[in-house]
Each structure stands twice: as C-alpha cells, then as structure tokens.
Amino acid sequence: MVSALLQSTGAASCLDGASRRQTCSHAGHGQVSPKSWRERIAPRPRDVSGHATNETCTPVALLVLIGVLVVEVPVDAYLDPGSGSMLLQVVLGGFAAIGVMAKLYWHRLTSILRREERDRDRR
Amino acid sequence: MSVRRSAPNFEAGSFRDPDTRVFHHNGAVFRCLTERARSDWMRLAATDFYARFTGQGRLIPTDQVVDDTGLPDLGPKWTAVLKHQRIPMISYPYEWSFGMLRDAALLQLDLMLASLDEGMTLKDATPFNVQWIGSRPTFIDIGSFTAYEPGEPWAGYRQFCEQFLYPLLLQAYRNVPFHPWLRGSVEGIKAEECLALLSLRDYVRPAVLGDVYLHAKAQARFQASDRNVKQDLRVAGFSSQLIKKNVGRLRRIVERLRWSPARSTWSEYEHEHKYETEDLQAKSDFVSRVLAPRRWSIVWDLGCNTGTYARLASEHAEYVLALDVDHLVVDRLYRALAQEGNTSILPLVGDIANPSPGLGWRGRERRPLVDRGCPELILCLALVHHLVIGSNIPLGELIQWLAGFGADLVVEFAGRGDPMVERLLRHRDVQHVDYSQAAVEAALTQHFASVTQEPLTCGTRTLYHARATA
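Remember, it's a predicted structure, so these values are computed and weren't measured experimentally. (Residues numbered from 1 in each chain as written. Chains lettered and ligands numbered in written order. Predicted model: local features only at pLDDT ≥ 70, side-chain atom pairs only at ≥ 80, totals over all residues. Heavy atoms only, no water.)

**Notes on the overall build of chain B**
Of the regular secondary structure elements, chain B holds 17 helices and 16 strands. Taking 470 residues into account, the globule formula puts the C-alpha radius of gyration at 23 Å, and chain B, at 25 Å, falls close to it. Once the C-alpha set of chain B is aligned to its principal axes, its extents read approximately 80 × 75 × 40 Å. Expressed as a percentage of the 470 residues in chain B, the buried residues total 58%. Of all intrachain contacts in chain B linking residues separated by at least 6 positions in sequence, the fraction that spans at least 24 positions is 72%. In the structure as shown, chain B presents an accessible area of about 19,400 Å², 51% of it carried by carbon and sulfur atoms. (Helix = DSSP H or I, 4+ residues; strand = E, 2+ residues; numbered from the N terminus. Rg over C-alpha atoms; globule rule 2.2 N^0.38 Å. Buried < 20%, exposed > 50% of the residue type's maximum accessible area, 1.4 Å probe, protein only. Contact = heavy atoms within 4.5 Å. Areas by Shrake-Rupley, 256 points an atom, 1.4 Å probe, with all protein chains shown as cover.)

**Quick look at the overall build of chain A**
Secondary structure assignment for chain A yields four helices and zero strands. Within chain A, the fraction of its 123 residues that count as buried is 41%. Put simply, of all contacts in chain A between residues at least 6 apart along the chain, 71% involve residues at least 24 apart. For chain A, the computed accessible surface area is about 6,700 Å², with 57% contributed by carbon and sulfur atoms.

**Observations concerning the sheet that holds strand E11 (residues 317–324) of chain B**
Within a sheet, adjacent strands bond to each other through the backbone by hydrogen bonds, running parallel or antiparallel. Residue and element names in this part refer to chain B. One open sheet accounts for seven strands, arranged E12-E11-E10-E13-E14-E16-E15; its pairing is mixed. Every other strand in the sheet has two partners, leaving strand E12 (345–349) and strand E15 (450–455) as the edge strands with one partner each. Across the sheet, the mean angle separating the axes of adjacent strands is 15° when strand polarity is ignored. Of the pairings in the sheet, the one linking E11 to E12 comprises five bridges and is parallel in character. The residue of E12 that forms the bridge with Leu-323 is Leu-348. (Pairing = 2+ DSSP bridges. Axes fitted to C-alpha atoms, helices over the stretch in contact; angles between N-to-C directions.)

**Regarding the pattern of salt bridges**
Residues and elements named next belong to chain B. On inspection of all chains with the given rule, the structure shows 29 salt bridges over all chains. Here Glu-365 and Arg-16 are joined by a salt bridge, their closest N and O atoms 2.8 Å apart. Of this pair, Glu-365 sits in the loop between E12 and strand E13 (377–380) while Arg-16 sits in the loop between strand E1 (9–10) and strand E2 (20–25), and the two are 349 residues apart along the sequence. Taken individually, Glu-365 and Arg-16 each receive the classification buried, so the pair is uniform in this respect. A salt bridge links Lys-190 to Glu-162; the shortest N-O distance between them is 3.8 Å. Note that Lys-190 is positioned in the loop between helix H5 (179–184) and helix H6 (191–197) and Glu-162 in helix H4 (residues 157–174), a separation of 28 residues in sequence. Classification of Glu-162 by relative accessible area gives buried; the value is 1%. (Salt bridge = Lys/Arg side-chain N within 4 Å of Asp/Glu carboxyl O.)

**Quick look at the environment of Gly-57 of chain B**
Residues and elements named next belong to chain B. Inspection of the secondary structure assignment puts Gly-57 in the loop between helix H2 (48–55) and strand E4 (62–64). The class of Gly-57 is buried, set by a relative accessible area of 11%. Along the sequence, Gly-57 and Ile-133 sit 76 residues apart, while their C-alpha atoms lie 8.8 Å from each other. Once residues lying within four places of it in the same chain are set aside, the contact partners of Gly-57 are Arg-136, Pro-137 and Thr-138.

**As for the pairing of E12 of chain B**
Residues and elements named next belong to chain B. Burial within E12 is extensive, with five of its five residues counted as buried. Of the two faces of E12, both are covered, the one formed by Ile-345, Pro-347 and Val-349 as well as the one formed by Leu-346 and Leu-348. After leaving E11, the chain enters helix H13 (residues 327–340) and then returns to the sheet as E12, a path that is right-handed. (Right-handed = clockwise from strand over helix to strand, strands pointing away.)

**A look at the nonpolar core**
Of all hydrophobic cores here, the largest spans 128 residues; its most connected members are Trp-154 and Phe-160 of chain B. Ranked by residue count, the leading element in this core is helix H3 (residues 98–117) of chain B, at twelve residues. Discounting residues that sit within four places of it in the chain, Trp-154 of chain B has contacts with Pro-81 and Gln-89 of chain A together with Leu-109, Met-112, Ala-125, Phe-160, Ile-243, Val-247 and Leu-250 of chain B. Judged by nonpolar contacts, the second largest core, of 24 residues, contains Val-290, Ala-310, Leu-377 and Leu-379 of chain B. (Core = buried A, V, L, I, M, F, W, Y, C linked by side-chain atoms within 4.5 Å.)

**Quick notes on the packing of H4 of chain B against helix H7 (residues 208–222) of chain B**
All names here are of chain B. Close contact between H4 and H7 brings their axes to 11 Å; oriented N to C, the two are set at 130°. By the angle between their axes, H4 is oblique relative to H7. Note on packing geometry: the crossing formed by H4 with H7 is left-handed. For the pair formed by H4 and H7, the contact residues are Tyr-157, Arg-158, Cys-161, Glu-162, Leu-165, Tyr-166, Leu-169 and Tyr-173 on the first element and Val-208, Asp-211, Val-212, His-215 and Gln-219 on the second. Here the contact of H4 with H7 is composed, by residue class, of eight nonpolar, two polar and three charged. (Parallel < 35°, antiparallel > 145°, perpendicular 65-115°, else oblique. Left-handed = near helix turned anticlockwise from the far one by under 90°. Nonpolar A, V, L, I, M, F, W, Y, C, P; charged D, E, K, R; others polar.)

**Describing the packing of aromatic side chains**
All names here are of chain B. Scanning all chains against the criterion turns up 18 aromatic pairs over all chains. Ring centres of Phe-23 and Phe-30 lie 5.3 Å apart, and the angle between their planes is 15°; on these two criteria the pair is classed as stacked. In this structure Phe-30 comes out as buried when scored by relative accessible area, which is 6%. One Lys or Arg, Arg-294, reaches over the ring of Trp-296 and ends 4.1 Å from the middle of that ring. (Phe/Tyr/Trp six-rings, centres within 6.5 Å; stacked < 30°, edge-to-face > 60°. Lys NZ or Arg CZ within 6 Å of the ring centre and 35° of its normal.)

**Here's the deal with the confidence of the model for chain B**
Scored by pLDDT, chain B has a mean of 93; 97% of the residues are at 70 or more. With pTM at 0.83, the complex prediction returns an ipTM value of 0.83. (pLDDT = per-residue confidence, 0-100.)

**So, the packing of H3 of chain B against helix H9 (residues 240–256) of chain B**
Residues and elements named next belong to chain B. Axis separation between H3 and H9 bottoms out at 10 Å; the angle between their running directions is 155°. As summarised for this structure, H3 and H9 are arranged roughly antiparallel, according to the angle between their axes. Taken as a pair, H3 and H9 cross one another with a handedness that is left-handed. When H3 is examined against H9, the residues Arg-102, Ala-105, Leu-106, Leu-109, Asp-110, Met-112, Leu-113, Leu-116 and Asp-117 are found in contact with a partner set consisting of Ser-240, Ile-243, Lys-244, Val-247, Gly-248, Leu-250, Arg-251, Val-254 and Glu-255. When the residues that make up the contact of H3 with H9 are grouped by side-chain class, the tally is ten nonpolar, two polar and six charged.

**So, the pairing of strand E8 (residues 136–139) of chain B**
Residue and element names in this part refer to chain B. One ladder, built from four bridges, connects strand E7 (residues 130–133) with E8; its direction is antiparallel. Looking across to E8, one finds that Gln-131 is bridged to Thr-138. Hairpin remark: E7 followed by E8, antiparallel, with two residues in the connecting loop; positive phi at Gly-134, about 65°.

**What about H4 of chain B?**
Its maximal kink placed at Leu-165 of chain B, H4 of chain B deviates by approximately 40°, while the proline Pro-167 of chain B follows within four residues. Backbone geometry just after H4 of chain B places Asn-175 of chain B at a positive phi near 55°. (Bend = angle between axes of the 7 residues up to and from the residue.)

**Description of the sheet that holds E2 of chain B**
All names here are of chain B. Ordered in space as E1-E2-E3-E5-E4, the five strands form an open sheet in which the pairing is antiparallel. A strand with exactly one partner marks an edge of an open sheet, and here the two such strands are E1 and E4. Note that E4 and strand E5 (residues 80–84) share three bridges and pair antiparallel. Pairing of Gln-64 across the sheet is with Leu-82, part of E5. Running at roughly 110° to strand E3 (residues 28–33), helix H1 (residues 35–45) makes contact with E2, E3, E4 and E5 of the sheet.

This is the structure we're talking about:
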C-alpha cells in the first residue's frame with residue numbers, strides 16, 4: 001500500500017516546523033527602507049542579482065503580502081503548499097476572493113503606515 | 001512468559017507523512033497513527049461523507065484495530081492502528097489511461113469538497129493515494145484527512161496541478177503522453193514545464209491562463225520569498241469558501257477534458273487482423289479450456305488490446321490485469337469497463353519490453369510492476385513476435401522471464417510465413433535465426449512442467465499451454 005506523496009521541501013517543512021514560529025517581533029520587520037509607497041505595495045520584479053527589471057508586473061506580482069504578523073501559528077503541514085500557489089488561490093477564487101484580496105492590500109498599507117509612524121517617533 | 005513481538009514490515013512508499021505509516025502483517029494491510037492522526041481518524045469516522053464514500057466503494061473500507069495482540073511491536077509513537085481492505089493490485093498513475101487519471105482527479109476533488117463541508121480537508125492531492133478495484137477508483141490514504149483550520153489555504157493545490165491537472169492538460173490539448181513523464185518524475189510536471197509545451201492558442205483554453213501561466217509566474221515570483229504567506233492569508237480572512245470555489249472550478253474543467261484521437265497503432269486491430277473466423281473461435285475455445293477447470297486468483301493478460309480474453313478470463317478468475325502498450329486501446333477498454341461498473345478487470349498501460357521499474361526513495365517507494373502481482377495464469381496471445389522481433393528480446397530470455405512468475409502460461413506463437421511476422425521482418429537485416437517454433441517449444445519445455453499445443457488452421461500460428469512447475 002502506498003501513502004501520500006509530497007514535495008521534498010514539504011518534508012523539510014515538517015522537520016523544522018517548530019523553529020519556524022513567527023511573531024510580529026520577527027527580525028527585520030521593524031526596519032523601514034527608503035522605498036516608495038508604490039514599490040512597497042507592488043515591488044518591481046528583480047533579476048537574479050537583485051536589481052529591478054523593466055519586466056511588466058503580472059497580476060500575481062501585484063499581490064504583495066501584508067507586513068504585520070500578529071498571530072503565532074506553527075507551520076505544521078507536512079506538504080509545502082508553495083507561496084505562489086497559495087496566493088494564486090486568491091487570484092483564481094473569483095468574487096469570493098475580493099474581500100481577502102482587499103484585506104491583503106489593506107493590511108499591507110496599514111503595516112507600512114505603522115512602521116513609518118514608529119520610525120518618526122524614534123527620531 | 002512474555003512473547004517478543006516482531007518489528008513491523010513497513011511499506012517502503014508510506015514514509016512521507018510522519019503522522020501515519022502503512023505496514024503489512026500476515027498478508028493484511030494496516031496503518032498506524034500518531035496521536036494527532038488518531039484524533040483526525042476519529043473525526044473522519046464520525047462524518048457523513050466517510051460513510052457515504054465508503055458505501056460507494058470510493059473510499060477504502062477501514063476498521064480500527066481494537067485488540068493489537070499478535071501485531072508487531074510498533075513503539076510509543078503510534079497510538080492507534082487501522083486495518084484496510086486489501087487492493088488486489090497496486091498501480092501507479094504512469095500506468096493509467098487518460099480516463100483513469102481524469103476519474104482519479106475527480107474523486108480527489110469530490111473528497112475535497114465533501115470533507116470541507118464537514119470541517120475537514122486533505123493534506124495533499126496526489127494520484128498515488130488513489131487505487132483501482134477494477135475500473136472503480138478508490139481513495140486509500142485515510143491518513144490524508146485532517147481537521148480544517150480556519151484560514152488555511154488548500155495545501156494540495158500545487159500538487160494537484162503537477163500530478164493531475166498538467167498531465168491531463170498536456171494529453172488533452174497537445175497529445176503529449178504523460179506516462180513517460182510521470183514515470184521519470186514522480187513529483188509530476190512543473191507549471192513552467194507544462195507552459196513550455198503549450199501554444200498561444202492554448203491560452204484561451206480552460207485552466208491554461210490561470211492554473212498554468214499565472215501559476216508558473218507566481219511560483220517564480222515568490223520562490224525566494226521569506227514571508228509566511230500562509231499566515232498572511234489567515235490574517236486576511238482566507239476561508240474554506242475560497243477553497244471550495246477553486247475546487248469546484250477545477251472539477252468543472254477536469255470533467256470536460258477529453259482525449260479521443262481517431263486511431264492509434266493498435267486501436268483498429270480487431271477489424272484489421274488477418275484471423276479467419278474459425279481460428280478466432282479455436283483460439284477462444286483453447287483459452288476457455290485452460291481457464292475452465294479451476295478458479296484462478298489473478299490472471300494477467302499481456303497485450304490485451306480490446307480485452308476480449310481478459311473478459312473471458314474474468315469469468316474464471318477473481319481478478320484480471322489487462323495490460324497493453326497502446327494508450328488508446330487501454331483508454332477505450334477502461335471507458336467500457338467503467339460504464340459496466342466492472343470491478344474485476346484492471347486495465348493498465350504498460351510495455352513488457354520496458355516494465356515499470358522501482359522508483360522514488362531507495363528505488364523502493366514505487367515498486368516494479370513485476371513485484372506487485374502474483375499471477376496464477378499469464379495470457380500472452382499474439383505478443384511474442386512483437387517482443388522478439390520488434391524489440392529484439394531473445395526468445396529464450398522472454399520465456400524464462402515469463403516462467404519466473406511461477407504461473408501457468410498460454411502463448412500464441414506466430415511462425416515465419418505469418419503475415420505479421422513477415423511485416424515485422426521486412427526491413428530488418430538481422431533475421432532472428434533463433435525465432436522458430438522449435439525454439440519456442442524447447443524454451444517452454446525447459447522452463448515449464450508440461451506443454452500442450454494446438455495449431456490454428458491458418459498454418460502459421462500455434463497455441464501453447466505451459467503448466468508451471470510445482
């Protein structure tokens with residue numbers, strides 16, 4: 001009898017699941033980079049060396065994720081669903097996905113605002 | 001005095017999900033569960049869809065073992081044991097026809113929808129979790145069901161695309177056979193690989209723009225991302241409703257996929273062969289005489305074509321494997337069997353000159369074809385000349401390989417002068433001097449206990465029944 005098959009990366013995700021717990025204090029989230037609003041919401045595609053390219057943004061590339069990670073949740077699935085594949089489910093979800101997509105953008109926006117406010121207070 | 005219990009004989013292909021593991025014991029199939037998996041099983045067993053799908057034969061019948069006396073020592077990790085009904089013969093997606101892969105995909109999606117309706121989901125979406133009882137697909141991985149956590153996206157979406165959707169799309173839209181690809185890559189076909197084979201015209205066809213093009217772009221875009229997308233989606237209010245939309249959408253796409261070429265190398269054999277009617281009757285009578293005296297457990301019909309002799313065999317056997325190298329004839333046979341609701345003939349695509357090998361981790365995760373069945377009788381009708389002349393397999397080695405199963409053998413031998421043999425030899429410089437009736441009889445006599453024969457009236461073909469050595 002055979003059982004489940006998964007991506008090799010999935011096996012890794014179940015092994016290091018405990019170490020992947022993330023909170024809002026995750027290193028790097030408090031940093032503010034000198035990027036434009038537009039770039040933070042929809043960063044331009046970059047080539048392998050990290051330089052921005054002139055390639056036209058695809059609809060998926062416009063789906064940049066929210067910045068504040070509030071809830072601590074363990075990553076416990078044995079199969080890695082893939083970041084792009086998860087986001088695509090929102091894009092392909094049709095009308096049912098509009099609310100989720102709006103929230104993704106809204107959280108992204110408010111997180112950047114909060115970061116800038118925090119940065120201003122520090123100064 | 002305590003009796004030391006044996007170590008479990010774990011199934012080599014069931015290591016991926018750390019919460020469940022399949023093992024074999026005294027010819028039965030068991031699955032051990034961790035505490036988390038046990039809790040999921042309890043929840044699953046209480047659902048309506050579990051009873052419904054099991055009743056329809058679309059979920060493997062399973063019981064929880066109450067008394068584990070006599071079972072191997074499993075250790076503290078495993079807190080419960082299930083016993084599954086045994087599948088007559090394990091097969092893999094690279095041996096299925098288009099219709100089989102499509103119907104297995106529909107079963108996967110139906111289970112996904114049904115489980116979401118009752119607060120559960122599936123951890124993965126691989127065709128290896130589906131097996132066949134004849135022409136009926138049955139989901140076997142009970143350990144795949146788990147409680148749905150609000151906010152979770154569909155974990156198996158990418159896997160569904162790579163192992164179900166893209167192989168089906170390539171076969172349906174581009175006539176690219178998925179068998180060699182899935183056999184070469186047990187993880188499936190990547191979105192960018194699928195995209196590379198599609199033409200501009202295909203972009204307007206269902207699933208291509210969203211599930212292939214955008215999927216490939218999304219994966220490339222977010223491949224190096226460190227963000228916890230799962231968590232972001234949870235915070236944004238991702239719900240099971242969204243998964244249902246996508247699963248329902250994919251179900252409609254998959255259901256409409258068709259692959260029906262007009263003909264293939266062997267699809268018209270039934271109408272174009274050179275048999276006289278009386279020879280066909282004599283062949284059928286000979287096979288029936290071999291079959292009739294007893295009840296056979298498993299019969300293999302190699303080179304089954306339309307399945308005429310597989311059907312004949314199924315009247316005297318518990319289970320029949322109908323194998324043919326021609327995808328179209330197997331797909332047509334599957335469709336006919338599925339329409340009848342036949343659960344005793346398993347149609348598979350396979351080449352005897354290149355049977356499925358051991359694949360995956362340690363080469364044992366997916367077992368070779370020859371290790372997955374134990375036939376009591378093998379039918380090898382109008383096939384030997386194709387293997388010996390067409391694939392240059394030495395005649396003696398072929399008979400020795402067939403004898404290695406320890407089964408009775410029915411062989412139809414086409415000698416020189418037969419129109420098909422002449423056609424196979426016409427462009428060959430090597431004239432296969434060892435291909436003769438005397439050679440086949442010598443090999444059968446050497447490897448089997450006894451041999452009976454019957455020549456057909458055409459004068460170029462002979463039928464043999466070789467009995468296995470005890």
